[in-house]
Amino acid sequence: MTNLRQIPSVDSLLKLPEAQRLTEKYGREWTLSALRSVLQGLRAEPAPEIAIPGDQEILTRTQNELEKQALPSLRPVINASGVILHTNLGRAPLARAALQAAAEVSAGYSTLEFDLGGGKRGKRDFHADRLLRRLTGAQASLVVNNNAGALLLVLSALTKRKKVAISRSQLIEIGGGFRIPDVMSQSGSHLLEVGTTNRTHLTDYQTALEQGASAILLAHPSNFRLTGFTSQPDLPEVAALAHAFSVPLIFDLGSGALVDTTRYGLAHETTVPEALAQGADLVCFSGDKLLGGPQAGIVVGSAELIEKIRRHPLYRALRADKLALSVLAKTLELYLSGRWEEEIPVYQMLARTAAQLDLQARAWQADVGAGRVIDGFSTIGGGSLPGETLPTRLLAVRVKSPQQFLASLREQAFPIIARVEDDQVVLDPRTMLPGQEAALLSGLRQALGDYKEIK
Ligand SMILES: *Cc1c(COP(=O)(O)O)cnc(C)c1O
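Computed from a predicted model, the values in this text were never measured in an experiment.

With the rule as written, the count across this model stands at three aromatic pairs. Taking 6.2 Å as the distance between ring centres and 85° as the angle between the ring planes, the aromatic pair formed by Y335 and Y347 counts as edge-to-face. In this pair, Y335 sits in helix 14 (residues 322-336) while Y347 sits in helix 16 (residues 345-351), placing the two residues twelve residues apart along the sequence. Among the aromatic side chains, those forming a connected cluster through ring pairs are Y264, Y335, W340 and Y347. Over the face of the ring belonging to F229 we find R199, whose NZ or CZ atom lies 3.8 Å from the ring centre. When the ring centre of Y315 is taken as reference, the NZ or CZ atom of R310 above it lies at 5.9 Å.

Sheet faces and side chains relate simply in a regular strand, where the side chains alternate between the two faces. Most of strand 5 (residues 163-167) sits inside the fold, with four of its five residues counted as buried. Across five bridges, strand 5 lies against strand 8 (residues 190-194) in parallel orientation. Counterpart to V164 in the pairing with strand 8 is L191. Summarising the sheet, strand 5 and strand 9 (residues 213-219) pair through four bridges and their orientation is parallel. By the bridge assignment for strand 9, K163 is matched with A213.

With that settled, consider the domain arrangement of the protein chain. According to the domain assignment, the protein chain consists of domain 1 (4-70), domain 2 (78-87 + 346-450) and domain 3 (94-340). Taking only C-alpha atoms, the centre of domain 1 and the centre of domain 2 are 39 Å apart.

Taking 1.5 Å of rise per residue, the twelve residues of helix 7 (residues 147-158) would be expected to cover 16 Å, and the 16 Å separating its terminal C-alpha atoms lies within 8% of that figure. Within helix 7, eleven of the twelve residues are buried, leaving the element largely enclosed by the surrounding structure. Where helix 7 is concerned, the buried positions are N147, G149, A150, L151, L152, L153, V154, L155, S156, A157 and L158. With a side-chain oxygen lying 3.4 Å from the backbone nitrogen of A148, the N-terminal cap of helix 7 falls on N146.

This brings us to the side chain of S167. With respect to the secondary-structure elements, S167 resides in strand 5. Reaching out from S167, the side chain makes a polar contact with the side chain of S169 at a distance of 2.8 Å. For S167, the contacting residues outside a window of four places in its chain are V194, T196, T200, Y205 and Q232.

In the vicinity of the ligand there are 13 residues, among which R91, S222, D252, S286 and K289 approach most closely. For the ligand, an oxygen atom lies 2.7 Å from a polar atom in the side chain of S286. For the ligand, whose free accessible area comes to 380 Å², the fraction covered by protein is 94%. Elements represented by at least two residues in the shell around the ligand include exactly helix 7 and strand 10 (249-254). Its residues assigned to classes, the shell around the ligand comprises four nonpolar, six polar and three charged.

We now examine the sheet that holds strand 5. Spatial ordering of the open sheet is given by 4-12-11-10-9-5-8, a layout of seven strands whose pairing is mixed. At either margin of the open sheet sits one strand with a lone partner, and together these are strand 4 (140-144) and strand 8. Strand-to-strand twist in this sheet, taken as the mean axis angle between neighbours without regard to direction, amounts to 25°. Two elements, strand 11 (residues 282-286) and strand 12 (residues 297-301), share five bridges in a ladder whose sense is antiparallel. By the bridge assignment, V283 is partnered in strand 12 with V300.

Conventions adopted
Residues numbered from 1 in each chain as written. Predicted model: local features only at pLDDT ≥ 70, side-chain atom pairs only at ≥ 80, totals over all residues. Heavy atoms only, no water. Phe/Tyr/Trp six-rings, centres within 6.5 Å; stacked < 30°, edge-to-face > 60°. Helix = DSSP H or I, 4+ residues; strand = E, 2+ residues; numbered from the N terminus. Lys NZ or Arg CZ within 6 Å of the ring centre and 35° of its normal. Buried < 20%, exposed > 50% of the residue type's maximum accessible area, 1.4 Å probe, protein only. Pairing = 2+ DSSP bridges. Domains from an automatic or database assignment. Expected span 1.5 Å × (residues − 1). Polar contact = N/O pair within 3.5 Å; in protein donor to acceptor, adjacent residues only side chain to side chain. Contact = heavy atoms within 4.5 Å. Near = heavy atom within 4 Å. Areas by Shrake-Rupley, 256 points an atom, 1.4 Å probe, with all protein chains shown as cover. Nonpolar A, V, L, I, M, F, W, Y, C, P; charged D, E, K, R; others polar. Axes fitted to C-alpha atoms, helices over the stretch in contact; angles between N-to-C directions.

Okay, here's the thing in structure tokens:
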């Protein structure tokens, strides 16, 4: 045991000017608890021959402890994984202009629910609604907290205690515990499964309608692909059938692209305007997937149905806040003005060419003096365009323990998220945001240096 009597007391340490500075910066509570934990560590040190560190050293350790504790747990990282809509990293990064709008609206008071013309109460959905109607051709819209909430709300308001027909191939589970059958039962709707896992025919839906289905629900498979001996009737056919029975066709579109994804060399995704034009009565989708905006659940479609949904008490419980609404409205404006590709990060990333990415990866390699530049693939992620990839160029670093090196990248001051492929650590320039390059390179150099020491 160390000589306990040599360990200075908390009180005597707190009187030192350095301790005063720490108290001013971090507050008395945190400083005290950090100091106590450093002293506790000293008491626990087993070897008696180790000299007790001086007061300065104790305070330096206290400061390190405080700095660690003061780091926010929710903080920015550099996404070098090549997954554009990375669910664990916050899905869609936001456009600068949209963030600016949120800052302006939220720092003070706003017209969130105020009609400047009449000087009276307005609707919070109004701001996104006028843009959504123009962009999608819908009669009406509403916005809630996320798409899971949107679907729960739609079903609760329209099909409670009623039967809803859905294909067995669309009883999906996506990340974060979202399962279509569970959402349906939570809404009080009764699931009427039609077709088989791989094949569903129009007549299957017809049978369900004859059995009293009060709506047809289509759900985008989002994170898997059905291939082989499969079939699904086309959207216009299902819509015509639903309408012949006077029931609504509800389409959980998931990602909700507003523009044609084939522009970026990806498969065609039914866009929101297409889904409506092809007969869906209601389409719901996320704000932070291919739309590239804030977390939100957007419902567009029939004015009559939307009005009914808006009157349901769950709407009040799930409504979007002013931060999300201001970001959403600005993001939608970028589509209307044709500036989405220049300003929305998801589209900036989709639009990067292999030649640009090659230049960037080579510049990284030259800077850090390690690794090789190889061909690879970026993915969309976030339950969008499953199986679709974009050719990219990667900086590949071969190290003895890829997992250890990944951990070292995550420990950098600006944490870097990379991935392992063929036993190499690979970094994809596609998902790095402008302005992050210096931090990425210094973190990478540091990790490479540390790693050599580890070995
Ligand atoms: C992503 C997704 C959801 C859930 O959306 P959130 O905005 O994450 O709540 C629901 N349905 C489908 C088909 C999806 O792809």
